[in-house]
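Architecture and fold: a report
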Amino acid sequence: MAQPPLNLPPDDRSGSGTPALPFFPAALAGNQLAGPLVVVVDTPIDFCRWLNEAPPEVQWLQVEGLLGEPEIWAAAARQASAVALDVVVSQPGSEFSSLYRLADVRNVRDVRVTFPMVPGFSKALRLAAALQLPVRLLPGQPDDALVEELLGAVDFYLHDPSVEVPVEFFHSFLASQSGVPGSDLWMILEQDPDEYRRHDQQGALIYPEGALPSPAPSGFVTRFEQNLAEQGAECSGCRWQSFCRGYFKMPDPDYACAGIIRVFDALAKAAGEMATDLAAWQPSPQEASQSPAIP
Amino acid sequence: MNARSFSVILLPTAECNVACEYCFEYKEPHRLSPALVPLLTKRLLDHMENEDIAECEVYWQGGEALIMGPAWYLETRDAMAKAARERGRRFVHYLQTNLISYSPAWNDVIFDMFNGSVGTSMDFPNHHRKLFNGSADDYSRVWRQRLDEARAAGIRVGVIAVLHQGSLAAGADAFYRHFVEELGLDDFQVNTPFPGGPANDSAIEFQLDPAALATFLGELFDIWVDRGLEAGVALGPFDALIDHFTGRPARLPCIWKENCSNQFISVDSKGTVAQCDCWVTSYPDYYFGNIFREPDLTRMLSESPARRQFVERPGKLVEDGDCLECRFLSICHGGCPVRTYSALGTMHAKDPYCEVYKVIFAKAESEGRNLRQRRTAKAAV
């Protein structure tokens, strides 16, 4: 997805000093075009309107609950407008086969699919990979069964040769473990409210589930981490704290992270194996000019 | 306008000048009238405009496409090009012919309209392609003569070979030698057969045991890698698979597209629209409509219940079958609907050649890996 340019007014700046990217429902977005934004569409009419008339300020459309509408995907495949799509699939275990509707769309515009980690999500992951659709996986707080499914998904991502597209958060974590400077999990999943400011139908800011709406979102993740530390959460001793920053303690701060740590360990182990392989690799002069790191 | 591809397999006639025993087409003596070409062109251009498609590939075949005569093609080409130019679009033409009636009179058309290239078909050994008043040997002799004449005129000829029991009995080595060494071809393709249309005795020859077919294709693949790959022999679909598994842009055959209904349609001389030539010539229950009688092709395609079955097929396969678990899903998507339908009576099942494809995919994957390593080593030296 495109990064927002640095032209927002100071009060819209995030804690990091970079501009925050607002998300507005389609009904409100028309009045918010002073700077970059993401438009959230959840009806065929809004989808087609913003698809056809998206001004350059629109970074992408977040499309919710519309995968089952074949006509709109035919329209999205028809026009080579620049606007990218983030297609949210709320029930990936049952809706996964409808991802075929995006096969033609991704030929004319950037398309990413986002889905929550609920039972059966790995079916959607497999098909998205087969269709070359990048994935953003929202893990929530997985129970033991979901952790096992998540570990299977990690194995698929790491070892299936058909996977050529990024699967987040696996991709960025693997990159970070391979020495590529990156960001934390909140940012990678576009869940840091300092940077990604979501608004409801009334225009009020939406805070992460379980978070208090006061004070203002600035510094939210830092304050959340500090609160966890004060509560004696396991995060302070966790080797993946600098990447995770307590993400898996939301909304339930008592969530036990043992399963998630196995996921991070599996990815880190793979990164280590890659480093070993790369160290033993003798590049040709042509290859030596190319970076072996994950892009 | 977008980069989405759109192709039309156009059958200007169902007539044919030969009598192949296994042909599944109904050879009605009907030809596309020049008077209808402007309407056909308009319908296609309307659709391209609706879909924001700049270029349409037109694959002319039959019946036998050359029956229409060179003048008919030149007139048609001009009419289509003029109409397309006026609407800022383009047609690109390809020709598939049995070559039997080829003569130098076709050269101007082939160079002007088809970029000096034609596709044709021949099997090895040829048991079933016959002239109306001649044997399979007579057919082979005439075809070879025409092939040589066309190539002598500078025409590039690609050949499609359909495998049958005799091919498997002859073996992969004899098969490869025939096409590459005896015929001197450097561009040919092997197709798996399917029993389209009404059953006949010859159809049995084309019902191949998947294990035997997999063995044959595996051996053919190895022979091609050994003798043809580095020598510049293009053998489809192996060459496209090697491109895929070495990270190069690959033009995989239609049977392995994520959804062939997104890619092309077929139109016959009466205007019947269906998914591909196999469907338009054999299975009336699956017609999408008629391009002359219905004013809006885009609407026909979006509303046709028959086409919806094609659109939904890959999704149903990953829901109901085991395709989702297959590591080759990204390059197969359940295979060919017509091969499935003709074998099983439904298109909502995976291709009956699934296990054959897996053998080829695995071989290409392995060879692709070797090839990358060899190229890396070569670059290092």
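Structural notes, computed from the coordinates. Within any chain, residue numbers begin from 1 and follow the written order of that chain's sequence. All chains are assigned letters beginning with A, and all ligands numbers beginning with 1, in the order in which they are written. Per-residue local features of the predicted model are confined to residues with pLDDT of at least 70, and side-chain atom pairs are confined, for both listing and counting, to 80 or more; whole-chain, interface and lining totals are unaffected and use all residues. Calculation of side-chain values draws on the structure's entire complement of heavy atoms; hydrogens and water are dropped beforehand.

For the rest of this paragraph, the subject is the overall build of chain B. Looking only at helices and strands, chain B has 14 helices and 10 strands in total. Just to be clear, the radius of gyration here is over C-alpha atoms, and the globule rule we use is 2.2 Å times residues to the power 0.38. Here the C-alpha atoms of chain B give a radius of gyration of 21 Å, agreeing with the 21 Å that 2.2 N^0.38 yields for 381 residues. With respect to the principal axes defined by its C-alpha atoms, chain B has extents near 55 × 50 × 50 Å. Going through the 381 residues of chain B one by one, you find that 56% of them count as buried. Accessible surface, chain B: about 15,800 Å² in total, of which carbon and sulfur atoms supply 51%. Here chain B contributes 40 positively and 51 negatively charged side chains, and the mean placements of these two sets differ by 4 Å. Under the scheme used here, helices are H or I runs from DSSP no shorter than 4 residues and strands are E runs no shorter than 2 residues, and both carry numbers assigned from the N terminus. Burial status follows relative accessibility: with a 1.4 Å probe on protein chains alone, a residue under 20% of its type maximum counts as buried, one over 50% as exposed, and anything between as partly exposed. The method behind every accessible area is Shrake-Rupley, applied with a 1.4 Å probe, and residues are considered shielded solely by the protein chains displayed. The convention is simple: Lys and Arg are positive, Asp and Glu are negative, and His and the chain ends are not counted. In plain terms, the charge of a residue is placed at NZ if it is Lys, CZ if Arg, CG if Asp and CD if Glu.

All names here are of chain B. Paired strands, as defined in this entry, are two strands with at least two bridges between them according to DSSP. In space, the six strands of this open sheet follow the order β3-β2-β1-β8-β9-β10, with mixed pairing throughout. Of all strands in the sheet, those with a lone pairing partner are β3 (90-95) and β10 (289-290), marking the two edges. When strand β1 (residues 6-10) meets strand β8 (residues 264-267), the two strands line up parallel, connected through four bridges. Across the sheet, the residue bridging to valine 8 is isoleucine 265, located in β8. Contacts from helix α2 (residues 70-86) reach β2 (55-60) and β3, with the element oriented near 155 degrees to β3. Throughout, a residue-residue contact means that at least one pair of heavy atoms, one from each residue, lies within 4.5 Å. The angle between two axes is taken between their N-to-C directions and runs from 0 to 180 degrees, where each axis is a line fitted to C-alpha atoms and a helix contributes only its stretch in contact.

Turning to the packing of helix α1 (residues 37-51) of chain B against α2 of chain B, a few remarks are in order. Residues and elements named next belong to chain B. Taken N-terminus to C-terminus, the directions of α1 and α2 make an angle of 40 degrees; their axes are 10 Å apart at the nearest point. The angle between α1 and α2 falls in the class oblique. In this structure, α1 crosses over α2, and the sense of that crossing is right-handed. For the pair formed by α1 and α2, the contact residues are Val37, Thr41, Leu44 and Leu45 on the first element and Trp72, Thr76, Ala79, Met80, Ala83 and Ala84 on the second. Each angle is binned into one of four classes, with values under 35 degrees roughly parallel, values over 145 roughly antiparallel, values of 65 to 115 roughly perpendicular, and all other values oblique. By definition, any crossing whose near helix is turned counterclockwise from its far helix by less than a right angle is left-handed, and any crossing with a clockwise turn is right-handed.

Another aspect to go through is the packing of aromatic side chains. All names here are of chain A. Here a pair means two rings of Phe, Tyr or Trp (six-membered ring of Trp) with centres within 6.5 Å. Their orientation is stacked below 30 degrees between planes, edge-to-face above 60, and tilted elsewhere. The tally for this structure, following the rule as stated, stands at 46 aromatic pairs over all chains. Between phenylalanine 23 and tryptophan 60 the ring centres are 5.9 Å apart and the planes differ by 80 degrees, which places this aromatic pair in the edge-to-face class. In this pair, phenylalanine 23 sits in strand β1 (residues 21-25) while tryptophan 60 sits in strand β3 (residues 58-64), placing the two residues 37 residues apart along the sequence. Each member of the pair, phenylalanine 23 as well as tryptophan 60, carries the same accessibility label: buried. Centre to centre, the rings of phenylalanine 173 and tryptophan 240 are 5.3 Å apart; their planes meet at 80 degrees, and the pair counts as edge-to-face. Here phenylalanine 173 is found in helix α7 (residues 170-177), whereas its partner tryptophan 240 is found in the loop between α9 (220-230) and α10 (241-244), with 67 residues between them in sequence. In this structure phenylalanine 173 comes out as buried when scored by relative accessible area, which is 0%. Take tryptophan 240: its relative accessible area is 10%, and that puts it in the buried class. Through a chain of ring-to-ring contacts, the aromatic side chains of Tyr157, Phe169, Phe170, Phe173, Trp186, Phe220, Phe224, Trp240, Phe243, Tyr247, Phe248 and Phe264 assemble into a single cluster. Should the NZ of a Lys or the CZ of an Arg lie within 6 Å of a ring centre and within 35 degrees of the ring normal, that charge is described as sitting over the ring. Above the ring of tryptophan 60, the side-chain terminus of arginine 112 is found at 5.9 Å from the ring centroid. Stacked on the ring of phenylalanine 23, the Lys or Arg arginine 198 has its end atom at 4.1 Å from the ring centre.

Its place among the elements puts serine 261 of chain B in the loop between α9 (238-245) and β8. Expressed as a C-alpha distance, the spacing of serine 261 of chain B and arginine 307 of chain B, which sit 46 residues apart in the sequence, is 7.4 Å.

All names here are of chain A. Pairing is mixed in the open sheet, where nine strands are placed in the order β7-β6-β5-β4-β3-β2-β1-β8-β9. For this open sheet the edge positions go to β7 (167-168) and β9 (205-206), each flanked by a neighbour on one side alone. Where β1 meets strand β8 (residues 196-199), three bridges bridge the pair, whose relative direction is parallel. Counterpart to phenylalanine 23 in the pairing with β8 is arginine 198. Lying over the sheet, helix α5 (residues 121-130) contacts β5 (111-116), β6 (135-138) and β7, oriented at roughly 170 degrees with respect to β5.

Here we come to the side chain of glutamine 61 of chain B. Residue and element names in this part refer to chain B. Summarising the element assignment, glutamine 61 is placed in the loop between β2 and α2. Taking relative accessible area as the criterion, glutamine 61 reaches 16% and is therefore assigned buried. Once you skip the residues sitting within four places of it in the chain, glutamine 61 turns out to touch Ile9, Leu10, Leu11, Pro12, Gln96 and Asp277.

For the bond running from methionine 250 of chain A to proline 251 of chain A, omega is 5 degrees, close enough to zero to count as cis. Here proline 251 of chain A shows up in the loop between α10 and α11 (258-280). Omega for the peptide link from glycine 236 of chain B to proline 237 of chain B comes to 5 degrees, which places this bond in the cis form. Mapped onto the elements, proline 237 of chain B comes out in the loop between β7 (234-236) and α9.

Residue and element names in this part refer to chain A. Along α9, the residues classified as buried are Phe220, Val221, Phe224, Glu225 and Leu228. Summarising the axial view, the buried residues of α9 lie within an arc of 135 degrees, below the 170-degree limit, and thus occupy one face. In this structure, the buried side of α9 is in contact with α8 (185-188) and α10. Positive backbone phi, approximately 75 degrees, marks glycine 232, located one or two places after α9. This arc is taken over the directions from the axis of the helix to the C-beta atoms.

So, about the interface of chain B and chain A. Of the residues lining the interface, 24 residues belong to chain B; the matching set on chain A comes to 27 residues. Carbon and sulfur atoms supply 55% of the area buried between chain B and chain A, which totals about 2,100 Å² over both sides. For this document, the term salt bridge refers to a Lys or Arg side-chain nitrogen within 4 Å of an Asp or Glu carboxyl oxygen. For the pair chain B and chain A, the interface holds three salt bridges. Pairing of N or O atoms within 3.5 Å defines a polar contact, subject to two protein rules: one partner must be a possible hydrogen donor and the other a possible acceptor, and residues neighboring in sequence count only if both atoms are side-chain atoms. Between the two partners, chain B and chain A, sit four residue pairs in polar contact (both at pLDDT 80 or more). Mapped onto the side of chain B that touches chain A, the elements with two or more residues apiece are α1, α12 (305-320) and α14 (354-380) of chain B. The greatest single-element share of the side of chain B that touches chain A, amounting to five residues, is contributed by α12 of chain B. We call Asp, Glu, Lys and Arg charged. Ala, Val, Leu, Ile, Met, Phe, Trp, Tyr, Cys and Pro are nonpolar, and the rest, Gly among them, are polar. Split by residue class, the side of chain B that touches chain A holds seven nonpolar, eight polar and nine charged. Once two parts are put together, the accessible area they lose, assessed with a 1.4 Å probe and summed over both, is termed the buried area.

All names here are of chain B. Within the secondary structure, alanine 240 sits in helix α9. Alanine 240 sits in the buried class, given a relative accessible area of 7%. Taking the C-alpha atoms as reference, alanine 240 lies 21 Å from aspartate 123; in sequence the two are 117 residues apart. With residues up to four places along the chain from it excluded, the contact list for alanine 240 reads Ala250, Arg251 and Leu252.

Residue and element names in this part refer to chain A. With 23 residues, α11 extends 33 Å between its outermost C-alpha atoms, agreeing within 8% with the 33 Å of an ideal straight helix rising 1.5 Å per residue. When α11 is considered as a whole, its buried residues turn out to be Gly259, Ile260, Ile261, Val263, Phe264, Leu267, Ala268, Ala270 and Ala271. Each element contacted by the buried residues of α11 is listed here: α6 (144-159), α7, α8 and α10. Expected span, for any helix, means 1.5 Å times one less than how many residues it has.

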